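# Tertiary structure, described
Below, each chain spelled out in residue letters.
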Amino acid sequence: MLIVNAVTIILRIVLWILYAPTTTPCADSSSFSIDYKNNCFRKDGKPFQFISGSIHYSRIPREYWKDRLLKMYMTGLNAIQVYVPWNFHETVQGVFNFAGDRDLEYFLNLANQTGLLVILRPGPYICAEWEMGGLPAWLLQKPNIILRSADTEYLKAASDWFGVLLTKMRPWLYQNGGNIISVQVENEYGSYFACDYNYMRHLHTLFRLFLGEDVILFTTDGNTDKEMICGTLEGLYATIDFGTDTNITAAFIRQRRFEPKGPLVNSEFYTGWLDHWGDKHASVDTVKVSKMLGEMLSMGASVNMYMFEGGTNFGYWNGADHDTRFRSVVTSYDYNAPLSEAGDPTDKLLAIRDVIKNFRDIPVGPMPPATPKFAYGFVTLQKVWTSLLDTLSPQGPVQSQYPLTFEEIKQYYGFMLYRTTLPRNVPEPTPLISPLNGIHDRAYVSVNGVYQGLMERDTALVMNVTGQQGDQLDILVENMGRVHFGSYINDNKGLLGNLILGNDVLTDWSIYPLDIDTAVANGWLQAAHSGSGMEAGDGPMIYSGTLKPTGLAWDTFVKLNGWTKGQVWVNGVNLGRYWPQRGPQQTLYVPRPFLSATQPNNITVLELERAPSHRRILFMDRPQLNSTGQKT
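Residues numbered from 1 in each chain as written. Predicted model: local features only at pLDDT ≥ 70, side-chain atom pairs only at ≥ 80, totals over all residues. Heavy atoms only, no water.

As recorded in an unreviewed UniProt entry, the protein goes by Beta-galactosidase-like and comes from Sinocyclocheilus rhinocerous. According to UniProt, the comment filed for the protein under the heading Sequence similarities (unreviewed entry) is "Belongs to the glycosyl hydrolase 35 family." (UniProt positions renumbered as here; feature names shortened; annotations may be inferred.)

Here it is in structure tokens:
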């Protein structure tokens, strides 16, 4: 161990001697560039080291953007790193949305007013544990499309998107009076199987066409030779990413093999990690983070901390991983980051600020406090009428002999109902089978309105049903988020193949795309209470209730103790998924802007498996993100 440490120290000394930035002045002004002779960035002609943090505007309510940015600035950061999720802005092909919570230019302006430079990561693929890695699901309408490659259809769609986005971004470049100092081309491309240099060359040309020749374009890849080889391209500055489990010197020596000169850059230094349903809550040690940050800054490296604040996967925006099986990312993107999911400063933030003080002046003034929280207490919900297909699917069903996917019906997120009839009598339990693992991702099965059980991708592909010939078979399929990383991002949803009952292939389907969000937002479910007692029900069911106004609209957290799995809306805003029985997340974050202090707050819950008899949900003043399950 002593020998290894000695070698590490010697390597760091050599690296510092060879590549430490100098204070040689440049003649440039109003510019941001790479000084290859002195191995540094230069801002307005002077050596510059960025100390940055990642923040995702798409995971934070617009009303809180300024609060989060100010806290990052007061920590001592001089830059932020921002992903642009393509699917967040072009959910429907050819329809671009940059309004409200999608107003990227307003966010950039707030950062500029706060004194923060911007490192922009526009993709087209971003990963970010975001749905399909930021790629729009409508790309999957073309069978066999090769995403993130020189596939003609993919390149056309990406080029059209960048024609819109990069045109908006050009005035925000630092050289043009804005605050964007550099722009990433693609994202961790070396980890993708395609390794298509023609694709990367096309993007390089596209970025130069729309952004000009002066802006720094860069790549980011993981700390392996394979990733750096496939992810880098001449003309794009190669940076690297790694966390606290990595030898700093060895990682930067790897960067040097691809960029012999220029600044050392860790574009993603991991302050925490993501959670999947069923995992333990991720945690990265504060002492390790602060110690390693100090070491990198001492070497003259520029560092971006991923994440500095994670935020929340509201609605259906969470991604999923697929290694040995499909694993969906939880609703919270707290990430064990320096700023919590609710934007509150943590001990990790204070430790990081103490490190940064050694390298640059910290802004004078107090750190903005945590946002106020309030425990509103219990709300009791009532069951809503179950026969709501006309409301939830006003356009009616699509008829098909065999199942169609979400993408084929252009229902990209949420839920679809597949309905057919039993082809014969099945008085004894008979297996319903998905022979090709075609349940993407969970299917809730009912016969004549009576819940039979569920089927789940990779894990539960067979279940037994009983019934009579002609009985109505309903299969409600839930999209749990498309794969965001690796070779499985072509992740179609719904029933991807035939279902077999015994020896019979089921046919003649009526397929209902369900627009639950519109129904909730328009209040169509609030007046539909069944008033049918307090008995618990199995299977998918909608419940609603009211959080009475208290004169306060503060942040809160809703806990669904005893509930199984589903989705929650507050005043028509989709908070995301809950799944307390699988954990680790037990509460959903409810930001203040989603609540009214003076009007009744409408609560809607879609429970997919079984509601508790008490029908209560609890609004708490603190989150609970680290339990592997719950007592009921």
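Following the structure, the description resumes.
### With respect to empty space enclosed by the protein
One pass over the full model with this rule turns up four cavities of 30 Å³ or more. By volume, the largest cavity amounts to about 90 Å³. As for the largest cavity, its lining consists of 13 residues, of which F41, F50, S182, F218 and T239 are closest to the centre. For the lining of the largest cavity, the secondary-structure elements that each account for two or more residues are β1 (32-35), β8 (216-222), β9 (237-242) and β10 (265-270). When grouped by side-chain class, the residues that make up the lining of the largest cavity number nine nonpolar, four polar and no charged. The space that makes up the second largest cavity amounts to roughly 50 Å³. (1 Å grid on protein atoms, 1.4 Å probe; cavity = no way out; pocket = protein on both sides within 12 Å on 5 of 7 lines; lining within 4 Å. Points joined across faces, edges and corners; volume = space filled by probe spheres on them. Helix = DSSP H or I, 4+ residues; strand = E, 2+ residues; numbered from the N terminus. Nonpolar A, V, L, I, M, F, W, Y, C, P; charged D, E, K, R; others polar.)

### Considerations on the UniProt feature "active site" (unreviewed entry) in the protein
Mapped onto the present numbering, the UniProt feature "active site" (unreviewed entry) falls on E188 and E268. Annotated residues spanning 81 residues; largest pairwise C-alpha distance 10.5 Å, indicating a single compact cluster. Position of E188 among the secondary structure elements: in the loop between β7 (180-184) and α6 (197-211). By relative accessible area, which is 10% here, E188 ends up buried. Excluding residues that lie within four positions of it along the chain, E188 makes contacts with R148, T220, D221, D241, E268, Y270 and F485. In contact with E268, not counting residues within four places along its chain, are Q81, Y83, R121, N187, E188, I240, D241, F242, N304 and Y306. (Buried < 20%, exposed > 50% of the residue type's maximum accessible area, 1.4 Å probe, protein only. Contact = heavy atoms within 4.5 Å.)

### Quick word on the nonpolar core
Core analysis: the largest hydrophobic core is formed by 156 residues, its most contacted members being I80 and L147. Looking at this core element by element, the count peaks at nine residues for helix α5 (residues 152-169). Here L147 is in contact with M132, L135, L139, L140, Y154, Y192, I489 and N490, once residues within four sequence places are set aside. I409, I439, A443 and L501 belong to the second-largest nonpolar core, a separate cluster that totals 23 residues. (Core = buried A, V, L, I, M, F, W, Y, C linked by side-chain atoms within 4.5 Å.)

### Structural notes on the pairing of β1
Of the strand pairs in this sheet, β1 and strand β2 (residues 40-43) are connected by four bridges, and their pairing is antiparallel. Paired with D35 across the two strands is C40, which belongs to β2. (Pairing = 2+ DSSP bridges.)

### Structural notes on the packing of aromatic side chains
Taken as a whole, this structure holds 39 aromatic pairs when the rule is applied. Ring geometry for F98 against W161: centres 6.1 Å apart, planes inclined by 5°, an arrangement best described as stacked. Of this pair, F98 sits in the loop between α3 (86-89) and α4 (104-114) while W161 sits in helix α5, and the two are 63 residues apart along the sequence. Just as F98 is buried, W161 falls in that class too. (Phe/Tyr/Trp six-rings, centres within 6.5 Å; stacked < 30°, edge-to-face > 60°.)

### Some details on the sheet that holds strand β15 (residues 382-383)
One open sheet accounts for five strands, arranged β15-β28-β33-β30-β31; its pairing is antiparallel. Lying at the two open borders of the sheet, with one neighbouring strand each, are β15 and β31 (573-578). As paired elements, strand β28 (residues 541-547) and strand β33 (residues 601-607) share seven bridges and run antiparallel to each other. What sits directly across from S544, in β33, is T604.

### A short note on the layout of surface pockets
Each pocket or cavity is described by its volume, and for the largest pocket that value is around 830 Å³. Considering the residues around the largest pocket, the lining is formed by 29 residues, among which R102, G315, Y316, W317 and D517 are closest to the centre. Of all elements in the fold, only α13 (516-521) and β31 reach the threshold of two or more residues within the lining of the largest pocket. Class assignment of the residues belonging to the lining of the largest pocket gives a composition of 16 nonpolar, eight polar and five charged.

### Some remarks on the state of the cysteines
Within the structure shown, the criterion is met by one disulfide. Covalently, C195 is tied to C230 through a disulfide, its sulfur atoms 2.1 Å apart. For the disulfide bridge between C195 and C230, the dihedral angle about the S-S bond is near -90°, and by the sign convention the bridge is left-handed. Within this pair, whereas C195 is found in the loop between β7 and α6, its partner C230 is found in helix α7 (residues 225-231), the two being separated by 35 residues in sequence. With a relative accessible area of 23%, C195 lands in the partly exposed category. Among the residues examined, C230 registers a relative accessible area of 10% and is labelled buried. The closest cysteine sulfur to the non-disulfide-bonded C127 is located on C230, 17 Å from its own sulfur. (Disulfide = S-S within 2.5 Å.)

### Some points on the environment of W172
When you line up the elements, W172 lands in the loop between α5 and β7. Look at W172 and you get buried, because its relative accessible area is 14%. A sequence separation of 54 residues divides W172 from V118, and the C-alpha atoms of the two residues are 9.3 Å apart. Excluding its chain neighbours within four sequence positions, the residues that come into contact with W172 are E105, L108, N109, G178, N179 and I180.

### Topic: the domain arrangement of the protein
Quoted interface sizes are often the accessible area lost when the parts come together. We note that the domain assignment places domain 1 (32-357), domain 2 (377-384 + 518-620) and domain 3 (395-514) within the protein. For domain 2 and domain 3, the distance between their C-alpha centroids amounts to 27 Å. Contact with domain 2, which involves 11 residues of that partner, is made by 11 residues of domain 3. Together domain 2 and domain 3 conceal approximately 880 Å² of surface at their shared face, both sides included; 63% is due to carbon and sulfur atoms. If you look at where domain 2 meets domain 3, you find four salt bridges. A salt bridge links K565 to E478, with the nearest nitrogen and oxygen atoms 2.8 Å apart. Applying the counting criterion to the domain 2 and domain 3 interface returns five residue pairs in polar contact (both at pLDDT 80 or more). Split into classes, the residues belonging to the side of domain 2 that touches domain 3 amount to four nonpolar, two polar and five charged. (Domains from an automatic or database assignment. Buried area = accessible area lost by both parts, 1.4 Å probe. Salt bridge = Lys/Arg side-chain N within 4 Å of Asp/Glu carboxyl O. Polar contact = N/O pair within 3.5 Å; in protein donor to acceptor, adjacent residues only side chain to side chain.)

### What to know about the sheet that holds strand β29 (residues 556-559)
Here four strands make up an open sheet; going across it, the order is β14-β34-β29-β32 and the pairing antiparallel. Edge positions in the open sheet fall to β14 (377-380) and β32 (587-590), since each of these has one partner strand only. Taking the axes of each pair of neighbouring strands and ignoring which way they run, one obtains an average angle of 30° across the sheet. Taken together, the three bridges between β29 and strand β34 (residues 616-620) define a ladder with antiparallel strand orientation. Along β34, the bridge assignment pairs V558 with F619. (Axes fitted to C-alpha atoms, helices over the stretch in contact; angles between N-to-C directions.)

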